[in-house]
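Observations on the three-dimensional arrangement
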Amino acid sequence: MVFKMPGRITPELCVKCKGVRRLCGKPVCPILLRFKASVRTLSQIKIEGDNIVFGPTPPTLIVGEGGYPEVNVYSGIAPVDEGDAKIFDNPVEWWGKLSLKGIVELRSSLLLPRAKYRITIAKYFNYPSSFHELQLASVSLRPIDTEVKLKKKPLPILRFDGLLAPLGPTAPFQKLRVIGNPKLTKVVERVIYDTDLKALNAVIELYTKGVSIYDIIRIFSAGLLGRLNERKLVPTRWSITAVDVIVGNKLVKEIRNNQPISEILLYNVTYLGNHFEILLLPSIYSFEMIEIWLPSTPWTATSMKPIIIENYELWDAKLRGEMDGGYYALRLGVLENLYKIKRQASIVAIREIRPDYYAPVGNWHIRESARKAFLKKPEKFATVEEALESMRTRLKTPVEYIVKKSILLRNMLRQGKIIDYFK
């Protein structure tokens, strides 16, 4: 297979292109797309004379990490009525329904009022302040109206993040007030007000009681979980991975008590220029993620060939490789299925990122793609070789490259040959 060398994307190239000549080779300029959505938002949201903004939060709460331990905390105001605001921060509803362009435009349409707080402010539970109002809004089950007094006019943000969904225009606020009463479930309310419950146990309890992983991440970031004197704001990037790790590790402990699956199963799914092949092998638990970035994706603009990253864990569930949020998001989606069918397996999960993925939109789509893959009927095979041949028909990367990188596949193929020898 021949891979074409894309042109290097430099600021000079962007200036020359101005988003319309597609000199970088991307089908759409993600920077221009986001800028247009942000400008449209500023024209739709009504800002009163004294920089007062009124509108529903989906709810949204994002905790930054710059300047830690003093960080920016963002709320979100959608440019729609309260009843339509939920979609702006609801990844479960985005999957399969929104294109990459649609997600960038949607998320870039949220106005993000922000204020800076020390992470330890979360210890002061129920302290009357704009911060507490932010916390109240963040735990609501449904959109809730907020009133914000901004310090200055909002401006668009022109950057993307690999873990977070795209962000819209922002401005610092002087005061934020929740209008109306947040709607909380009983379990969320109980866990938040249990100031003796450890944060790890709180995350597990919320998950086992059916609270959405995205709601847990938001509540965790807001500093509303854990023993009172230990509570603190958690940057959203960190909380996403932390929640995936906590819940995933609990599921690993559960599935290791189950019998292995009885046959080789292969699932696949494609969304937003990301293709997944998830191979389940009849063996004790282990998990490997092989991430393949093809040329011309956001992080491989100057690469001539695929860049392959491999992380794995064995029976002990200890990661061999670098900490990676995408790894844990994908692992969680797979583990949920094994837990549901009460089986364990050795798992090889392949994520191939293609040029269609021209703007990063966060890890949520990795988690949701894994979940959706298991809604399809799997392919079944007698040998690993047969499964690899099926993968070959869908992957753009030669299977030989993948096997060469994979610890688990090489071990499984080697074991197969030894078993054949003694037949």
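All values reported here derive from a predicted model rather than from experimental measurement.

1. What about the packing of helix 8 (residues 213-221) against helix 11 (residues 364-373)?
At a minimum axis distance of 12 Å, the contact between helix 8 and helix 11 shows a crossing angle of 150°. With respect to helix 11, the axis of helix 8 lies roughly antiparallel. Where helix 8 crosses over helix 11, the handedness of that crossing is right-handed. Side by side, helix 8 and helix 11 meet where Ile213, Tyr214 and Ile217 of the first sit next to Trp364, Arg367, Glu368 and Arg371 of the second. When its residues are assigned to classes, the contact of helix 8 with helix 11 shows 4 nonpolar, no polar and 3 charged.

2. Let's talk about the packing of aromatic side chains
What the rule picks out here adds up to 9 aromatic pairs. Consider the rings of Tyr271 and Trp364, whose centres lie 6.4 Å apart with planes at 70°: the pair is edge-to-face. One end of the pair, Tyr271, is in strand 7 (residues 264-271); the other, Trp364, is in helix 11, and 93 residues separate them in sequence. An aromatic cluster is defined as three or more aromatic residues linked by ring pairs; in this entry it consists of Trp94, Trp95, Tyr271 and Trp364. Lying across the ring of Phe125, Arg231 places its NZ or CZ 5.1 Å from the centre.

3. As for helix 11
For helix 11, the buried fraction is high: 8 of the 10 residues fall into the buried class. Turning to helix 11, its buried residues number three or more, namely Trp364, His365, Ile366, Arg367, Glu368, Ser369, Ala370 and Ala373.

4. Section: the side chain of Arg218
In this fold, Arg218 is placed in helix 8. Among the residues examined, Arg218 registers a relative accessible area of 7% and is labelled buried. Only 2.8 Å separates the side chain of Arg218 from the side chain of Asp215, close enough to count as a polar contact. If near-sequence neighbours (up to four positions away) are discounted, Arg218 is found in contact with Pro59, Thr60, Leu61, Ser138 and Ser140.

5. Things to note about the confidence of the model for the protein chain
Considering every residue of the protein chain, the mean pLDDT works out to 87; 84% of them sit at 70 or more. Low pLDDT, under 50, characterises residues 1-8; the stretch is placed with 20 contacts to residues that sit more than four places away or in other chains.

6. Structural notes on the nonpolar core
By size, the foremost hydrophobic cluster in this structure holds 97 residues, and its most contacted members are Tyr117, Leu233, Ile278, Leu280, Phe287, Ile347 and Trp364. Among the nonpolar cores identified, the runner-up in size contains 23 residues, and Ile264, Val384, Leu395 and Leu413 belong to it.

7. What about the sheet that holds strand 8 (residues 274-281)?
Spatially, the 7 strands line up as an open sheet ordered 11-10-9-12-8-7-13, and their pairing is mixed. In this open sheet, the two edge strands, each paired with only one partner strand, are strand 11 (319-320) and strand 13 (379-381). Of the strand pairs in this sheet, strand 10 (residues 307-313) and strand 11 are connected by 2 bridges, and their pairing is antiparallel. By the bridge assignment, Glu313 is partnered in strand 11 with Leu319. Each of strand 7, strand 8, strand 9 (286-293), strand 10, strand 11 and strand 12 (346-353) is contacted by helix 10 (residues 325-341), which is oriented at about 135° to strand 9, the strand it contacts most.

8. Focus on the packing of helix 8 against helix 9 (residues 236-255)
Running from N to C, helix 8 and helix 9 point in directions that differ by 125°, and their axes come no closer than 9 Å. Considered as vectors, helix 8 and helix 9 are oriented oblique to each other. Remark: the crossing between helix 8 and helix 9 carries right-handed chirality. Residues Ile213, Ile216, Ile217, Phe220 and Ser221 of helix 8 form the contact with helix 9, whose own contacting residues are Thr236, Ser239, Ile240, Ala242, Val243, Asp244 and Val247. In the contact of helix 8 with helix 9, the residues fall into 8 nonpolar, 3 polar and 1 charged.

9. Brief notes about the sheet that holds strand 3 (residues 70-75)
Across the sheet, which stays open at both edges, the 6 strands sit in the order 1-5-6-4-3-2 with mixed pairing between neighbours. Sheet topology places strand 1 (52-57) and strand 2 (61-63) at the edges, where each strand pairs with a single neighbour. Shown here is a sheet whose adjacent strand axes are inclined to one another by a mean of 40°, direction ignored. Across 6 bridges, the pairing between strand 1 and strand 5 (residues 144-150) is antiparallel. Bridge pairing in strand 5 links Val53 to Val148.

10. Regarding the pattern of salt bridges
Under the criterion given, the structure shown has 21 salt bridges. Of the charged contacts, one joins Arg367 and Asp244 as a salt bridge, the two residues approaching to 2.8 Å between their closest N and O atoms. Residue Arg367 is found in helix 11, and its partner Asp244 is found in helix 9; the two are separated by 123 residues along the sequence. A single burial state applies to Arg367 and to Asp244, both of which are buried. A salt bridge links Arg371 to Glu336; the shortest N-O distance between them is 2.7 Å. Note that Arg371 is positioned in helix 11 and Glu336 in helix 10, a separation of 35 residues in sequence. Since its relative accessible area comes to 17%, Glu336 is described here as buried. Via salt bridges that share partners, Glu336, Glu368, Arg371 and Lys372 belong to a single interconnected network.

Calculation rules
Residues numbered from 1 in each chain as written. Predicted model: local features only at pLDDT ≥ 70, side-chain atom pairs only at ≥ 80, totals over all residues. Heavy atoms only, no water. Axes fitted to C-alpha atoms, helices over the stretch in contact; angles between N-to-C directions. Helix = DSSP H or I, 4+ residues; strand = E, 2+ residues; numbered from the N terminus. Parallel < 35°, antiparallel > 145°, perpendicular 65-115°, else oblique. Left-handed = near helix turned anticlockwise from the far one by under 90°. Contact = heavy atoms within 4.5 Å. Nonpolar A, V, L, I, M, F, W, Y, C, P; charged D, E, K, R; others polar. Phe/Tyr/Trp six-rings, centres within 6.5 Å; stacked < 30°, edge-to-face > 60°. Lys NZ or Arg CZ within 6 Å of the ring centre and 35° of its normal. Buried < 20%, exposed > 50% of the residue type's maximum accessible area, 1.4 Å probe, protein only. Polar contact = N/O pair within 3.5 Å; in protein donor to acceptor, adjacent residues only side chain to side chain. pLDDT = per-residue confidence, 0-100. Core = buried A, V, L, I, M, F, W, Y, C linked by side-chain atoms within 4.5 Å. Pairing = 2+ DSSP bridges. Salt bridge = Lys/Arg side-chain N within 4 Å of Asp/Glu carboxyl O.

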